[in-house]
Amino acid sequence: MTNAEMSENYLWDAERRFEMVREWMDRRIWHSVVREAQECAELFLKGILRLVGVEPPREHDVSDSLRDNAHLFPDWFAQRVDELADASRWLAENRGPAFYGDERQRIPPSRLYGEAEAEQAWQYLETIRDVCQRLWQDWQAARS
């Protein structure tokens, strides 16, 4: 399978997960929004890394890989790498607690995350999705 095929698969899967995150938002299940937004964002970002020939790291936070490879992207995208990297880092840092809660203090994730954190995760995810979709569309148009 080529990088382009892998990229397309990651982006397709990310789109399906995006719909799920929107549903969690509608249901007001805030901790699930944070958790699922991270997974969705990770797929979008790993998909575009593959698109430019970069093997994504085997970790949830791809911020370093984005920054290290900014030169491989079009200028408009490279100018947004710091923003995308910051979003990736925030989402990755909140991934575990949004799923498991604070096990030491015995606080479930539903008490750790509220609407404000879910809104932040959603905004990050929308930004990542919009930028990655534009890159994918530009890439497809250049190939036609």
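Please read these numbers as outputs of a predicted model, since none were measured by experiment. (Residues numbered from 1 in each chain as written. Predicted model: local features only at pLDDT ≥ 70, side-chain atom pairs only at ≥ 80, totals over all residues. Heavy atoms only, no water.)

A. The arrangement of the overall build of the chain in detail. When helices and strands are counted, the chain shows 7 helices and 0 strands. Scanning the chain from its N terminus toward the C terminus, one meets helices and strands in the order α-α-α-α-α-α-α. Its C-alpha atoms give the chain a radius of gyration of 15 Å, within 12% of the compact-globule value 15 Å for 144 residues. With the C-alpha coordinates aligned to their principal axes, the bounding extent of the chain is approximately 50 × 30 × 30 Å. A burial count over the chain gives 45% of its 144 residues as buried. (Helix = DSSP H or I, 4+ residues; strand = E, 2+ residues; numbered from the N terminus. Rg over C-alpha atoms; globule rule 2.2 N^0.38 Å. Buried < 20%, exposed > 50% of the residue type's maximum accessible area, 1.4 Å probe, protein only.)

B. Representation of the nonpolar core. Ranked by size, the top nonpolar core spans 40 residues in total, and within it Phe44, Ile48, Leu66, Phe77, Leu125 and Ile128 carry the most contacts. Secondary structure elements with two or more residues in this core: helix 1 (3-27), helix 2 (30-51), helix 4 (75-78), helix 5 (81-100) and helix 7 (115-143). If one sorts the elements of this core by residue count, helix 2 sits on top with 12 residues. (Core = buried A, V, L, I, M, F, W, Y, C linked by side-chain atoms within 4.5 Å.)

C. Quick look at helix 5. Taking 1.5 Å as the rise per residue, helix 5 with 20 residues should run 28 Å; its terminal C-alpha atoms sit 29 Å apart, in good agreement. Buried within helix 5 are the following residues: Val81, Leu84, Ala85, Ala87, Ser88, Leu91, Asn94, Arg95 and Ala98. Lining the buried residues of helix 5 we find helix 2, helix 3 (63-68), helix 4, helix 6 (109-112) and helix 7. (Expected span 1.5 Å × (residues − 1). Contact = heavy atoms within 4.5 Å.)

D. Geometry of the environment of Val33. With respect to the helices and strands, the residue Val33 is situated in helix 2. Each C-alpha atom of the pair Val33 and Phe44 lies 16 Å from the other, and the pair is 11 residues apart in sequence. Those residues within four positions of Val33 in sequence are excluded, and the remaining contacts are Val21, Trp24, Met25, Ala118 and Ala121.

E. Structural context of unusual backbone geometry. Not every positive phi belongs to a glycine, and Arg28 is a case in point at roughly 65 degrees. Position of Arg28 relative to the elements: it lies in the loop between helix 1 and helix 2. The class for Arg28 is exposed, based on a relative accessible area of 51%. Unusually for a residue other than glycine, Arg106 sits at a positive phi of about 60 degrees. Tracing the backbone through its elements, the reader meets Arg106 in the loop between helix 5 and helix 6.

F. Representation of the packing of helix 2 against helix 5 in the model. At their nearest, the axes of helix 2 and helix 5 sit 8 Å apart, and the two run at 135 degrees to each other. It follows that helix 2 is oblique to helix 5 by the angle criterion. Taken as a pair, helix 2 and helix 5 cross one another with a handedness that is left-handed. Contacts between helix 2 and helix 5 involve His31, Val34, Arg35, Ala37, Gln38, Glu39, Ala41 and Leu45 on the former and, on the latter, Leu84, Ser88, Leu91, Ala92, Asn94, Arg95, Ala98 and Phe99. Counted by class, the contact of helix 2 with helix 5 contains 9 nonpolar, 4 polar and 3 charged residues. (Axes fitted to C-alpha atoms, helices over the stretch in contact; angles between N-to-C directions. Parallel < 35°, antiparallel > 145°, perpendicular 65-115°, else oblique. Left-handed = near helix turned anticlockwise from the far one by under 90°. Nonpolar A, V, L, I, M, F, W, Y, C, P; charged D, E, K, R; others polar.)

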